[in-house]
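For reference, the chains in residue letters:
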Amino acid sequence: MEAIRVQGVWKTYGNGPEKESILRDVSFALEEGSFTALTGISGSGKTTLLHLLAGLQDPEAGEIFLLGRNMREMIKKERILFRRRHVSLVLQEAALLPNLTVEENLALPVVMDTGRLVEEEKLERILKDLALAEARNRYPAQLSGGERQRAVFGRALFSEAEILLADEPCARLDRRQSLETVGMLKRCAGLWGRTVLMATHDLDLAQICDRILTLEDGQIREG
Ligand SMILES: Nc1ncnc2c1ncn2[C@@H]1O[C@H](COP(=O)(O)OP(=O)(O)OP(=O)(O)O)[C@@H](O)[C@H]1O
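Within each chain, residue numbers correspond to sequence positions counted from 1 in written order. The predicted origin of the model limits local features to residues at a pLDDT of at least 70 and limits the giving and counting of side-chain atom pairs to 80 or more, whereas totals for whole chains, interfaces and linings rest on all residues. The basis for every side-chain value is the complete set of non-hydrogen atoms in the structure, without hydrogens or water.

Looking at an unreviewed UniProt entry, the protein chain carries the name ABC transporter ATP-binding protein, with the source organism given as Mordavella massiliensis.

Asks: Which residues make up the environment of L157, and what values do they have?
Replies: Counting through the fold element by element, L157 comes out in helix α5 (residues 145-158). Sequence separation of L157 and G45 is 112 residues, and the distance between their C-alpha atoms is 26 Å. Contacts: residue pairs with any heavy atoms within 4.5 Å of one another. Excluding residues that lie within four positions of it along the chain, L157 makes contacts with K122, I126, L130, L164, C188, W192 and R194. Only DSSP runs of H or I with at least four residues qualify as helices, and only runs of E with at least two residues qualify as strands; both kinds are numbered from the N terminus onward.

Asks: Describe in detail the sheet that holds strand β4 (residues 61-66), supporting the description with residues and values.
Replies: The criterion for strand pairing is that DSSP finds at least two bridges linking the strands in question. Sheet architecture is open: 4 strands sit in the order β2-β1-β4-β5, paired in antiparallel fashion. Looking at which strands have only one partner, the edges of the open sheet turn out to be β2 (20-31) and β5 (69-70). Of the strands in this sheet, β1 (2-13), β2 and β4 are in contact with helix α1 (residues 46-54), which crosses β1 at around 120 degrees. Axis lines are fitted to C-alpha atoms, over the contacting stretch for helices. Their N-to-C directions set the angle, which ranges from 0 to 180 degrees.

Asks: Give me the nonpolar core: which residues, what numbers.
Replies: Working definition of a nonpolar core: buried Ala, Val, Leu, Ile, Met, Phe, Trp, Tyr and Cys residues. They are joined through side-chain atoms within 4.5 Å. Each residue is assigned to one of three classes by its accessible area relative to the maximum for its type, calculated with a 1.4 Å probe on protein chains only: buried under 20%, partly exposed between the two thresholds, exposed over 50%. The biggest cluster of nonpolar side chains holds 38 residues, and the ones touching the most others in it are F35, L130, F153, L157 and L164. Where this core is concerned, the elements lending two or more residues are β3 (35-39), α3 (102-114), α4 (120-129), α5, β7 (163-167), α6 (175-192), β8 (195-199) and α7 (203-208). I22, V26, L52 and M74 belong to the second-largest nonpolar core, a separate cluster that totals 29 residues.

Asks: Can you break down the site of the ligand residue by residue, with the values?
Replies: Inspection of the region around the ligand gives Y13, I22, I41, S42, G43, S44, G45, K46, T47 and T48 as its neighbouring residues. For this analysis, a polar contact is any N or O atom pair within 3.5 Å, provided that within protein one partner can donate a hydrogen and the other can accept it, and provided that sequence-adjacent residues contribute only side-chain to side-chain pairs. Note that an oxygen atom of the ligand is positioned 2.8 Å from one of the backbone N or O atoms of G43. Residue K46 places a side-chain N or O atom 2.8 Å away from an oxygen atom belonging to the ligand. Notes on the ligand: free accessible area 640 Å², of which the protein chains cover 55%. Counting residues per element, the shell around the ligand draws most heavily on α1, which supplies 3 residues. Throughout, the ten residues Ala, Val, Leu, Ile, Met, Phe, Trp, Tyr, Cys and Pro are labelled nonpolar, Asp, Glu, Lys and Arg are labelled charged, and all others, Gly among them, are labelled polar. Of the residues assigned to the shell around the ligand, the class counts are 3 nonpolar, 6 polar and 1 charged. Distances are taken per atom, and a residue is near a molecule or strand as soon as one of its heavy atoms is within 4 Å of it. Residue burial considers only the protein chains on display, and all accessible areas are found by Shrake-Rupley using a 1.4 Å probe.

What follows is the structure, given as structure tokens:
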């Protein structure tokens, strides 16, 4: 099944002569469980596209289907709740709460949101799969950049959102950490059956993914 379908999407910024269409009739689909890189030069619209998928912005034209549901056909409240449950925008490491340990950072948002008790078994598995078991009781300031990035991803996995959108997750990591992190994200996404779209300007990192989509002149192309 398709996790994401984008059909004829347009996004324009500015007014009058300043008006510029960043996305022009963009269409593509991502299969469930796939790990895709979204590449393109700076300013090509990668972040804009992720924000449209996450619902932080709306397209002027076109349709966005998530898990088979057309976002345009939902009323606003329903759309917000749907995205909150099914889509996670994996932000940078800074998004971790500094006064909480790794395991608290992973589990607390879900516990607070749903009122459910922490599912210990699931927590253990995620900590293990992301090589964070030893770091579970440490605070974000006591982690390496790679560990922090994995913890942010772990939180998204714990949330059960089927769709993970990551914007330059390795921006602050060095080469070795970046390659390791993306390799781990890919394995984890596969193990946990999540659909991941990762924006990156780094072509070496993109090569690790199952598929590469490139934004160029407002259009998307394969490879
Ligand atoms: N809110 C906004 N208002 C006006 N222009 C915007 C806005 N957001 C983005 N832009 C412009 O749209 C273009 C695409 O920006 P976007 O951030 O999506 O690109 P990107 O591919 O993610 O770039 P980078 O790799 O540098 O992060 C840029 O030219 C940017 O200046």
